[in-house]
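Chain by chain, the residues:
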Amino acid sequence: MELIGPTSEATDKDEEIITRRVELFEAYKDFLDQQHYAEKFDSRSNLHSSVLEEFLYYL
């Protein structure tokens, strides 16, 4: 939430902000991929497909 941007006007920080958000997304996905969480969901669950949907707002 503290990462602000990019906005409609390009800045020097845009690439850094996007890179950081992708890193946070990957960390979140890795957290959910841990076996003790992943084994609680079967192939019909939407856990992994919803991860990107949840994070899309921030990306």
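Before reading on, note that the structure itself is shown above.
Remember, it's a predicted structure, so these values are computed and weren't measured experimentally. (Residues numbered from 1 in each chain as written. Predicted model: local features only at pLDDT ≥ 70, side-chain atom pairs only at ≥ 80, totals over all residues. Heavy atoms only, no water.)

**Student:** Sorry, what's going on with the overall build of the protein here?
**Tutor:** Each helix and strand in the protein was counted, giving three helices and zero strands. Taken from N to C terminus, the helices and strands of the protein fall in the order α-α-α. Considering only residue pairs separated by 6 or more positions, the protein has 34% of its internal contacts joining residues 24 or more positions apart. (Helix = DSSP H or I, 4+ residues; strand = E, 2+ residues; numbered from the N terminus. Contact = heavy atoms within 4.5 Å.)

**Student:** When you look at a nonpolar patch on the surface in this model, what are you seeing that I'm missing?
**Tutor:** Taken together, the side chains of Met-1, Tyr-57 and Tyr-58 present a nonpolar region at the surface, about 440 Å² in accessible area. Along the chain, Met-1 falls in the segment before α1 (14-32). (Patch = residues over 30% accessible without salt bridge, like charges linked within 9 Å, V, L, I, M, F, W, Y side chains within 5 Å. Areas by Shrake-Rupley, 256 points an atom, 1.4 Å probe, with all protein chains shown as cover. Salt bridge = Lys/Arg side-chain N within 4 Å of Asp/Glu carboxyl O.)

**Student:** Which parts of the structure should I look at to understand the environment of Lys-29?
**Tutor:** Position of Lys-29 relative to the elements: it lies in helix α1. Residues Lys-29 and Val-51, 22 residues apart in the sequence, show an inter-C-alpha distance of 6.9 Å.

**Student:** I tried to follow α1 on my own but got confused; where do I start?
**Tutor:** Structurally, the α-helix is built with 3.6 residues per turn, so residues lying three or four positions apart point the same way. With 19 residues, α1 extends 27 Å from end C-alpha to end C-alpha; this agrees with the ideal 27 Å at 1.5 Å per step. Residues of α1 that are buried: Asp-14, Ile-17, Arg-21, Phe-25 and Leu-32. The buried residues of α1 occupy an angular sector of 75° when the element is viewed end-on, so they sit on one face. Seen from the buried face of α1, the exposed residues on the opposite side, beyond 90 degrees, are Glu-15, Glu-16 and Asp-30. (Expected span 1.5 Å × (residues − 1). Buried < 20%, exposed > 50% of the residue type's maximum accessible area, 1.4 Å probe, protein only. Arc of directions from axis to C-beta.)

**Student:** It is not clear to me how the side chain of Asp-14 should be interpreted in this structure. Could you clarify?
**Tutor:** The topology assignment puts Asp-14 in helix α1. Arg-21 is the oppositely charged side chain nearest to the buried, salt-bridge-free Asp-14, at an N-O distance of 8.2 Å. (Lys, Arg positive; Asp, Glu negative; His and termini not counted.)

Purely geometric numbers; function is a separate question.
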